[in-house]
Amino acid sequence: MLKRLRADIQAVKERDPAARNSLEILLLYSGLHAIMLHRPAYFLYRHHFFFLARFLSQLARFLTGIEIHPGAKIGEGVFIDHGSGIVIGETAEVGDGCTLYQGVTLGGTGKDHGKRHPTLGKNVLVGSGAKILGPFTVGDNAKIAAGAVVLEPIPPDSTAVGVPAHVVRRNGQRTCKPMDQVHIPDPVSQEFCRLAVRLERAERKIEQQQKELDALRARQSGGTSTDEAL
């Protein structure tokens with residue numbers, strides 16, 4: 001237990017430049033408090049003391065603003081930075097050395113049974129507000145950008161961005177064009193184009209009907225002249 005606590009405190013020291021000393025981290029870091037309360041809750045959950053486990057997890061949520069289901073597996077050296085709003089589901093697994101920022105969700109889609117939540121490998125970084133939804137694996141050393149919505153597995157040593165998330169870098173190499181080089185259709189321009197096409201069709205139809213009307217008037221006036229001659 002103490003070994004894990006030391007590893008968690010050391011993780012904060014290494015990854016948070018604002019951390020000054022171990023005592024400050026132990027007393028003032030809500031992310032560390034959430035993990036500390038999760039350890040006994042997980043023990044109780046595994047031994048089928050479900051009510052006590054849930055009580056501890058809800059107490060941690062009340063105190064820290066971080067909700068970790070007592071059934072979730074949290075590795076050593078996990079750093080929860082500015083953790084308000086984090087939600088980690090029952091069957092989620094967070095590997096050693098992972099970093100989670102505020103607003104992260106490790107959740108499910110509601111379509112799966114049994115294993116419903118994601119598994120994070122070692123040293124995964126998940127940016128603020130990212131949502132990882134489903135029973136798949138995010139590989140070791142992967143990075144999930146802030147605000148991304150991940151719905152499928154992410155390979156190791158990759159960076160994923162977007163909604164839905166896609167891999168833009170793998171093993172240090174770019175896998176797609178930068179966003180400023182990707183053509184993104186302008187919906188307003190597309191709507192103007194559709195209106196222009198409809199207007200052009202309407203004008204052609206009106207012109208055709210005008211020609212037919214002129215031809216009909218010409219035939220009628222021609223028939224009248226013939227009758228007068230007779």
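Here the structure is shown first, and the text comes after it.
The following paragraphs examine the structure supplied in this document. (Residues numbered from 1 in each chain as written. Predicted model: local features only at pLDDT ≥ 70, side-chain atom pairs only at ≥ 80, totals over all residues. Heavy atoms only, no water.)

**Quick word on the sheet that holds strand β6 (residues 99-101)**
In step 1: Taking strand neighbours across the sheet as the criterion, the seven strands line up as β3-β6-β9-β12-β14-β15-β16 in an open arrangement whose pairing is mixed. Single-partner strands in this sheet number two, and they are β3 (79-81) and β16 (173-174).
In step 2: Sheet topology places β3 next to β6; three bridges connect them, and they run parallel. From the neighbouring strand, Asp 81 faces β6, where its bridge partner is Tyr 101. (Pairing = 2+ DSSP bridges. Helix = DSSP H or I, 4+ residues; strand = E, 2+ residues; numbered from the N terminus.)

**Digging into empty space enclosed by the protein**
In step 1: The final tally for this structure, using the stated rule, is one cavity of 30 Å³ or more.
In step 2: Its boundaries defined by the atoms lining it, the largest cavity holds a volume of some 40 Å³.
In step 3: Lining the largest cavity, in full, are Ala 34, Leu 37, His 38, Leu 56, Ser 57, Ala 60, Ile 66 and Ile 68.
In step 4: Within the lining of the largest cavity, the residues separate by chemical class into six nonpolar, two polar and no charged. (1 Å grid on protein atoms, 1.4 Å probe; cavity = no way out; pocket = protein on both sides within 12 Å on 5 of 7 lines; lining within 4 Å. Points joined across faces, edges and corners; volume = space filled by probe spheres on them. Nonpolar A, V, L, I, M, F, W, Y, C, P; charged D, E, K, R; others polar.)

**Comments concerning helix α4 (residues 50-64)**
In step 1: With 15 residues, α4 ought to run about 21 Å at 1.5 Å a step, and its terminal C-alpha atoms sit 21 Å apart, in line with that.
In step 2: By the burial criterion, the buried members of α4 are Ala 53, Leu 56, Ser 57, Ala 60 and Thr 64. Buried residues along α4 cover an arc of 95° about the axis, so they all sit on one side. With respect to the buried face of α4, the exposed residues turned more than 90 degrees away are Phe 51, Phe 55 and Phe 62.
In step 3: The secondary structure elements touched by the buried residues of α4 are α3 (30-46) and β1 (67-68).
In step 4: Positive phi shows up at Gly 65, right after α4, with a value of about 80°. (Expected span 1.5 Å × (residues − 1). Buried < 20%, exposed > 50% of the residue type's maximum accessible area, 1.4 Å probe, protein only. Arc of directions from axis to C-beta. Contact = heavy atoms within 4.5 Å.)

**What about the sheet that holds strand β11 (residues 137-138)?**
In step 1: Reading across from one edge, β2-β5-β8-β11 is the order of the four strands in this open sheet, with parallel pairing throughout. Of all strands in the sheet, those with a lone pairing partner are β2 (73-74) and β11, marking the two edges.
In step 2: Inspection of the sheet shows β2 paired to strand β5 (residues 93-94) by two bridges, in the parallel sense. For Ile 74, the partnering residue across the bridge sits in β5 and is Val 94.

**Describing helix α1 (residues 2-15)**
In step 1: The end-to-end C-alpha separation of α1 is 20 Å, in line with the 20 Å expected for 14 residues at 1.5 Å each.
In step 2: Within α1, the full set of buried residues consists of Asp 8, Ile 9, Ala 11 and Val 12. The arc that holds every buried residue of α1, seen down its axis, measures 150°, which confines them to one face. Pointing more than 90 degrees away from the buried face of α1 are the exposed residues Leu 2, Lys 3, Arg 6 and Glu 14.

**A look at the side chain of Thr 119**
In step 1: Mapped onto the fold, Thr 119 is located in strand β8 (residues 119-120).
In step 2: For Thr 119, a relative accessible area of 16% corresponds to the buried category.
In step 3: Of the polar contacts made by the side chain of Thr 119, one reaches the side chain of Lys 115; its length is 2.9 Å.
In step 4: Among residues more than four places away in sequence, those in contact with Thr 119 are Glu 93, Phe 136, Thr 137 and Val 138. (Polar contact = N/O pair within 3.5 Å; in protein donor to acceptor, adjacent residues only side chain to side chain.)

**Examining the nonpolar core**
In step 1: Ranked by internal contacts, the top residues of the largest apolar core, which has 30 residues, are Ile 88, Leu 120, Val 126, Ile 132, Val 138 and Ile 144.
In step 2: With sequence-adjacent residues up to four places away left out, Leu 120 is seen in contact with Glu 93, Val 94, Gly 95, Cys 98, Leu 100, Leu 106, Val 126, Ile 132 and Val 138.
In step 3: Val 12, Ile 25, Leu 32 and Phe 79 belong to the second largest nonpolar core, which has seven residues in total. (Core = buried A, V, L, I, M, F, W, Y, C linked by side-chain atoms within 4.5 Å.)

**Thoughts on the packing of aromatic side chains**
In step 1: In total, this model carries one aromatic pair according to the counting rule given.
In step 2: For the pair Tyr 45 and Phe 50, a centre-to-centre distance of 5.0 Å together with 70° between the ring planes defines the contact as edge-to-face.
In step 3: Here Tyr 45 falls in the buried class, since its relative accessible area comes to 19%.
In step 4: Here Phe 50 falls in the partly exposed class, since its relative accessible area comes to 40%. (Phe/Tyr/Trp six-rings, centres within 6.5 Å; stacked < 30°, edge-to-face > 60°.)

**What about unusual backbone geometry?**
In most cases, non-glycine residues show a negative phi, while peptide bonds are predominantly trans.
In step 1: Cis geometry is found at the peptide bond from Val 163 to Pro 164, where omega equals -10°.
In step 2: Relative to the assigned elements, Pro 164 resides in the loop between β14 (158-161) and β15 (166-170).
In step 3: Positive phi outside glycine occurs at His 82, with the angle close to 50°.
In step 4: Structurally, His 82 can be placed in the loop between β3 and β4 (87-88).

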